[in-house]
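# A structural walkthrough
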Amino acid sequence: MSIVENLAALQAEIPKEVTLVAVSKTKPDEAILEAYNAGQRIFGENKVQDLAAKAERLPKDIQWHMIGHVQTNKIKYFAPFVSLVHGVDRLKVLKELNKEAVKNNRVIDCLLQVFIADEETKFGFSAEEITALFKDKTLENYPNLRVRGLMGMATFTDNQTQVAEEFATLKSLFDEVIATFNLQPSTFNVLSMGMSGDYPVAIKNGSNMIRVGTKIFGERNY
Ligand SMILES: *Cc1c(COP(=O)(O)O)cnc(C)c1O
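Throughout what follows, the structure given in this document is the object of discussion. If you're wondering where the values come from, they're calculated on a predicted model, not measured in any experiment.

What counts and how
- Residues numbered from 1 in each chain as written.
- Predicted model: local features only at pLDDT ≥ 70, side-chain atom pairs only at ≥ 80, totals over all residues.
- Heavy atoms only, no water.
- Helix = DSSP H or I, 4+ residues; strand = E, 2+ residues; numbered from the N terminus.
- Expected span 1.5 Å × (residues − 1).
- Buried < 20%, exposed > 50% of the residue type's maximum accessible area, 1.4 Å probe, protein only.
- Arc of directions from axis to C-beta.
- Contact = heavy atoms within 4.5 Å.
- Polar contact = N/O pair within 3.5 Å; in protein donor to acceptor, adjacent residues only side chain to side chain.

### Things to note about helix α6 (residues 160–180)
- Given a rise of 1.5 Å per residue, 21 residues ought to cover 30 Å, and the 30 Å separating the end C-alpha atoms of α6 matches this to within 8%.
- Those residues of α6 that sit buried are Q162, V163, E166, F167, L170, L173, F174 and V177. Buried residues of α6, viewed axially, fall in a sector of 140 degrees; they line one side. What points out from α6, more than 90 degrees from its buried face, is the exposed set T161, E165, A179 and T180.
- Turning to α6, the residues buried within the fold contact β5 (108–114), α5 (127–135), β6 (145–152), β7 (190–192) and α7 (199–204).
- Its side-chain oxygen at 3.1 Å from the backbone nitrogen of T161, N159 defines the N-terminal cap of α6.
- Looking one or two places after α6, you find N182, whose phi comes out positive at around 55 degrees.

### With respect to the side chain of D109
- Turning to its location among the elements, D109 is positioned in strand β5.
- Polar side-chain contacts of D109 include one of 2.9 Å to the side chain of R146.
- With residues up to four places along the chain from it excluded, the contact list for D109 reads S83, L84, V85, R146 and R148.

Next comes the structure, spelled out in structure tokens:
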């Protein structure tokens with residue numbers, strides 16, 4: 001199937017309140033433009049160099065999401081234009097992202113990444129750290145950031161029960177911080193979870209933003 005057909009099939013399958021981030025990492029401009037011409041406007045990249053280069057070359061109404069692990073010395077390359085940063089996984093990123101947002105005289109939308117997987121390689125805050133961030137009003141130190149919600153990645157496993165439990169855990173945390181800290185539903189409303197292999201389980205467990213690459217663009221050749 002073509003990119004356009006893959007995209008149409010996916011859009012038909014997911015509820016309309018779920019936002020689709022088309023993960024175009026490693027894919028050429030032509031592939032992105034195919035999806036763009038079919039109406040897709042939100043694209044995700046995980047490498048800063050690629051993100052910046054593609055944003056420079058491709059249509060200006062694309063909303064670029066940074067979905068990868070953030071190295072703080074590279075924030076300056078995407079701070080001027082990024083639409084949403086998914087992987088804010090430690091205090092240093094909050095601090096440096098805020099600094100670059102100030103320099104660019106803008107407010108940057110971001111998600112706090114939560115560690116939910118049974119793997120040591122995935123990044124993120126623990127549930128306790130997330131609760132503490134709100135309890136201690138830490139985010140008030142970063143007025144040029146708007147924390148829009150949470151992001152998480154499940155364990156890479158065929159065990160769908162385990163994946164469902166991990167997503168459900170993140171959804172509970174999301175609901176809990178909203179209720180406990182009286183967060184505004186107009187701003188804190190994004191729960192980014194689900195990729196090609198697990199987005200149906202993620203949506204069943206409360207995701208409203210999925211990040212899908214392979215299922216749209218095909219396998220990646222690194
Ligand atoms: C690559 C990537 C995705 C998309 O993965 P697919 O399995 O190709 O859908 C989603 N989220 C993050 C953080 C990624 O790095």
